[in-house]
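Fold and geometry: a report
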Amino acid sequence: MNNRAVAGPEVERLIQLLAKLPGLGPRSARRAALHLIKKKDQLLIPLAQAMGVAVEHVTVCSTCGTVDTSDPCTICADTRRDGATVVVVEDVADLWALERAGALNCRYHVLGGTLSPLDGIGPDDLTINKLLERAAEGGVTEIVLAVNATVEGQTTAHYITDRLRGLDVKVTRLAHGVPVGGELDYLDEGTLAQALKARTAF
Ligand SMILES: [Zn+2]
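The text that follows walks through the structure, step by step, so that each part is easy to find. No experiment lies behind these values; they were computed from the predicted model shown.

Right, let's talk about the nonpolar core for a bit. In terms of nonpolar packing, the biggest core is built from 17 residues, with Val88, Ile128, Ile143 and Ile160 touching the most fellow members. Among the elements that make up this core, the one with the highest residue count is helix H6 (residues 128–136) (four residues). Excluding residues within four positions of it along the chain, valine 88 makes contact with His109, Leu111, Leu131, Ile143, Val144, Leu145, Ala146, Val147 and Ile160. Counting 14 residues, the second-largest nonpolar core is a separate cluster that includes Cys64, Cys73, Cys76 and Leu95.

Here you go:
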């Protein structure tokens, strides 16, 4: 009895596709689908149109590897940005997060993942060679390795640093330490040890 469909296959398909989105399970996918259907004019039609436009125009920047609707992307084409500093990230989501922080007026390089021999991901599966090309072209004075503080992230950072050796480029990495608003008592020992080692003048 519970297997009876409550709506036609078109609606079921919408629910199934929405359920594949990160953060949406079957239950929230049903709620989202119902919301879209109820708000057909304000939401469902504009969303379908926006998706159609995205399908036609979204591309990967051949310089930095981010996704955008133009190649070179908005960031690479922006002449007001300081091209001397290139911030290296694992994923586009990290680029967007750093841009939201708005701390640097820099350019970026999206690796497309991390080195992971166990998963068969080597240097040629990432955009490391393109990064080396950018660094060798001149104009880049600092490369900031903004990779995750995971084993894979740090392995990748070490590998890139090795490959950049010999080029006249300063290689830096993000500070590891106490998060803004963080309480020392709640931090793990690894983070506390890093924060102590990387202490700065007050
Ligand atoms: Zn770009």
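Around the zinc ion, the protein contributes the donor atoms Cys61 (SG), Cys64 (SG), Cys73 (SG) and Cys76 (SG), which lie 2.3 Å from the metal centre. Between the four donor atoms coordinating the zinc ion, the angles at the centre fall across 105 to 114°, so the site counts as tetrahedral. As a motif over one chain, the donors of the zinc ion read C-x2-C-x8-C-x2-C. Here the residue cysteine 64 occupies a position in the loop between strand E1 (59–60) and strand E2 (67–68), and cysteine 76 occupies one in helix H4 (residues 74–77), the gap between them amounting to twelve residues. On the basis of relative accessibility, which here comes to 1%, the residue cysteine 64 falls in the buried class.

Turning to the packing of helix H2 (residues 26–38) against helix H3 (residues 40–57), a few remarks are in order. Helix-helix packing: each pair is described by the crossing angle between the helix axes and the interaxial distance. For the pair H2 and H3, interaxial distance at closest approach is 6 Å and the crossing angle is 110°. One way to sum up the angle between H2 and H3 is to call them roughly perpendicular. Between H2 and H3, the residues in contact are His35, Leu36, Ile37 and Lys38 and Lys40, Leu43, Leu44 and Leu47, respectively. Of the residues assigned to the contact of H2 with H3, the class counts are five nonpolar, one polar and two charged.

The rules behind these values
Residues numbered from 1 in each chain as written. Predicted model: local features only at pLDDT ≥ 70, side-chain atom pairs only at ≥ 80, totals over all residues. Heavy atoms only, no water. Core = buried A, V, L, I, M, F, W, Y, C linked by side-chain atoms within 4.5 Å. Buried < 20%, exposed > 50% of the residue type's maximum accessible area, 1.4 Å probe, protein only. Helix = DSSP H or I, 4+ residues; strand = E, 2+ residues; numbered from the N terminus. Contact = heavy atoms within 4.5 Å. Donors = N, O, S within 2.8 Å, 3.2 Å for Na, K, Ca; no water. Tetrahedral: all angles 85-135°; square planar, octahedral: opposite > 155°, others 65-115°. Axes fitted to C-alpha atoms, helices over the stretch in contact; angles between N-to-C directions. Parallel < 35°, antiparallel > 145°, perpendicular 65-115°, else oblique. Nonpolar A, V, L, I, M, F, W, Y, C, P; charged D, E, K, R; others polar.

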